[in-house]
Amino acid sequence: MNPAPAIQLAVNASGLVKRYGDVLAVDGLDLDIPAGQFFGLLGPNGSGKTSTIHMLATLIRPNSGSAKIFGNDVVRDAVATRASIGLVFQESALDRTLSIAENLRFAGLLYDLPAKVIEERSAELLALFGLEEKRNRPVGSLSGGMRRALDIVRGVIHHPKILFLDEPTIGLDLPNRRKIWRFIENLREQTGMTVLLTTHYLEEADSCDRVAFIKNGKLVQSGSPAELIASLGRYIVEIESPDVEALAQRLMPSLGNHLRDGNVAHFRYAHDDVSRLAGLQTEPGIQVSALRWRQPNLNDVFLWVAEGKA
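Residues numbered from 1 in each chain as written. Predicted model: local features only at pLDDT ≥ 70, side-chain atom pairs only at ≥ 80, totals over all residues. Heavy atoms only, no water.

### A closer look at the overall build of the protein
- The helix and strand tally for the protein stands at 9 helices and 14 strands.
- Overall, the C-alpha framework of the protein stretches about 80 × 50 × 50 Å when taken along its three principal axes.
- With an accessible surface of roughly 15300 Å², the protein has 49% of that area assigned to carbon and sulfur atoms.
- Here the protein contributes 34 positive and 36 negative side-chain charges, whose respective centroids are spaced 3 Å apart. (Helix = DSSP H or I, 4+ residues; strand = E, 2+ residues; numbered from the N terminus. Areas by Shrake-Rupley, 256 points an atom, 1.4 Å probe, with all protein chains shown as cover. Lys, Arg positive; Asp, Glu negative; His and termini not counted. Charge placed at Lys NZ, Arg CZ, Asp CG, Glu CD.)

What follows is the structure, encoded as structure tokens:
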């Protein structure tokens, strides 16, 4: 029997560390992402997501550890690494004084693309966002959604093997967010491109093949979105009370740890039968103003990880 073919890794990082003075932003991070995967790197503000992407994209050097992008070392082979990377920053990288066409021409020349190829790809990509008739307008005259779409067009004009998306739709309304994600999905289907996403819109990570949560520079939990959601239990139970802490302490032996949001305690509930919860509202010594339950989602995983209770 022939051995199974080795899985090609788009990202292979081991023991990555990044310090800024006394601040340890990334703490011994290990990360493997197979080629073609849609991967989400999630976590609270300041958890090390952007520093990780900047190290992988050769923008900053790690203090220690190693990382390879499609086999190229991000420090020793930085030039070769950059050729395979597309990057969309949190802040726009566009020159607002230049036109759309000039911005894309400049981006293409950075990757040594021939003028004809730049023109063809620009026309094709701009048409997908309905921007072809605005190609000669200065970027500063565009709406926020148009500029964000153009940032992504700029990031993929050289057909990268991996695209880093650092909060790509931050500040955009829902129609523009959906338009951008349709574009990314079509691009992945057509090219097999690997995508590494950071986002605080957790519903955008629902379609990831795999997500990893990072906290204080360390990966603390990873898996498919469905696996991580299932790990929370069958339901999230929300109990509102005028004395939420007393209620939480009373229920912890049976329901476990909780998260508090104002006067509401959130519990993880593993059982299918929720009818037994109804009795809480009449149990002596427990003040319950409202009792609700719902199925968990990726936002719940985020909250439990952020509180260190996942």
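### Brief notes about the environment of Thr-52
- Considering the arrangement of structural elements, one finds Thr-52 in helix H1 (residues 49-56).
- In contact with Thr-52, not counting residues within four places along its chain, are Val-26, Leu-29, Leu-41 and Ile-214. (Contact = heavy atoms within 4.5 Å.)

### Looking at the sheet that holds strand S8 (residues 194-198)
- Taken together, 6 strands build an open sheet; the order of strands is S6-S7-S8-S3-S9-S10 and the sheet is mixed. Edge positions in the sheet fall to strand S6 (85-88) and strand S10 (218-223), since each of these pairs with one other strand and no more. Here the average twist between neighbouring strands, direction ignored, is 15°.
- Two strands pair when backbone bridges link them, and strand S3 (residues 38-42) and S8 are joined in this way by 3 bridges, in the parallel orientation. Note that in S8 the partner of Phe-39 across the bridge is Leu-196.
- On top of the sheet, helix H5 (residues 144-156) reaches S6 and strand S7 (162-166); it is set at about 165° to S6, its chief contact.
- On the sheet, helix H9 (residues 298-306) packs against S3, strand S9 (210-215) and S10 and is oriented at approximately 25° with respect to S9. (Pairing = 2+ DSSP bridges. Axes fitted to C-alpha atoms, helices over the stretch in contact; angles between N-to-C directions.)

### Considering the environment of Leu-163
- You can see Leu-163 is positioned in strand S7.
- Under the relative-accessibility criterion, Leu-163 is labelled buried at 0%.
- Separated by 35 residues in the primary sequence, Leu-163 and Leu-128 place their C-alpha atoms 18 Å from one another.
- Not counting residues within four places of it along the chain, the set of residues in contact with Leu-163 comprises Gly-86, Leu-87, Val-88, Gly-155, Val-156, Ile-184, Met-193, Thr-194, Val-195 and Leu-196. (Buried < 20%, exposed > 50% of the residue type's maximum accessible area, 1.4 Å probe, protein only.)

### Observations concerning the packing of aromatic side chains
- Summed over all chains, the structure comprises 3 aromatic pairs.
- Ring plane angle 55° and centroid distance 4.8 Å describe the contact between Phe-129 and Phe-183, whose orientation is recorded as tilted. On the criterion of sequence distance, the pair formed by Phe-129 in the loop between helix H4 (115-128) and H5 and Phe-183 in helix H6 (residues 174-191) is long-range, its members being 54 residues apart.
- When its relative accessible area of 9% is taken as the criterion, Phe-129 is described as buried. (Phe/Tyr/Trp six-rings, centres within 6.5 Å; stacked < 30°, edge-to-face > 60°.)

### Focus: the nonpolar core
- Formed by 47 residues in total, the largest nonpolar core has its most connected members in Leu-150, Ile-184 and Phe-213.
- One finds Phe-39, Met-55, Phe-70 and Leu-196 within the second-largest nonpolar core, a separate group that totals 26 residues. (Core = buried A, V, L, I, M, F, W, Y, C linked by side-chain atoms within 4.5 Å.)

### As for the pattern of salt bridges
- Evaluated as defined, the whole model comprises 13 salt bridges.
- Its salt-bridge partner being Lys-218, residue Asp-27 comes within 3.4 Å of it at the nearest N-O pair. Of this pair, Asp-27 sits in strand S2 (residues 23-34) while Lys-218 sits in strand S10, and the two are 191 residues apart along the sequence.
- For Asp-27, a relative accessible area of 23% translates into the label partly exposed.
- The class for Lys-218 is partly exposed, based on a relative accessible area of 41%.
- Among the salt bridges present, the one from Arg-148 reaches Asp-151, with a minimum N-O distance of 3.3 Å. One end of the pair, Arg-148, and the other, Asp-151, are both in helix H5, 3 residues apart, so they sit about a helical turn from each other. Judged on exposure class, the residue Arg-148 and its partner Asp-151 are both buried.
- Beyond isolated ion pairs, a larger network of salt bridges with shared partners links Glu-238, Glu-240, Arg-292, Arg-294 and Asp-300. (Salt bridge = Lys/Arg side-chain N within 4 Å of Asp/Glu carboxyl O.)

### Details of the packing of H5 against H6
- Where H5 meets H6, the axes come as close as 10 Å, and the angle between the chain directions of the two elements is 15°. If you check the angle between H5 and H6, you find them roughly parallel. Our pair here, H5 against H6, has a crossing hand that is right-handed. Along the contact surface, H5 presents Gly-145, Arg-148, Ala-149, Ile-152 and Val-156, while H6 presents Asn-176, Ile-180, Phe-183, Ile-184 and Leu-187.
- Across the contact of H5 with H6, the residue classes break down as 7 nonpolar, 2 polar and 1 charged. (Parallel < 35°, antiparallel > 145°, perpendicular 65-115°, else oblique. Left-handed = near helix turned anticlockwise from the far one by under 90°. Nonpolar A, V, L, I, M, F, W, Y, C, P; charged D, E, K, R; others polar.)

### Some remarks on the sheet that holds strand S4 (residues 64-69)
- The antiparallel open sheet is built from 4 strands, whose spatial order is S2-S1-S4-S5. The sheet is open, and its two edges are formed by S2 and strand S5 (72-73), each paired on a single side.
- In the sheet, strand S1 (residues 9-20) pairs with S2 via 9 bridges, with the strands oriented antiparallel. In the sheet register, Ala-13 faces S2, and the bridge partner there is Leu-31.

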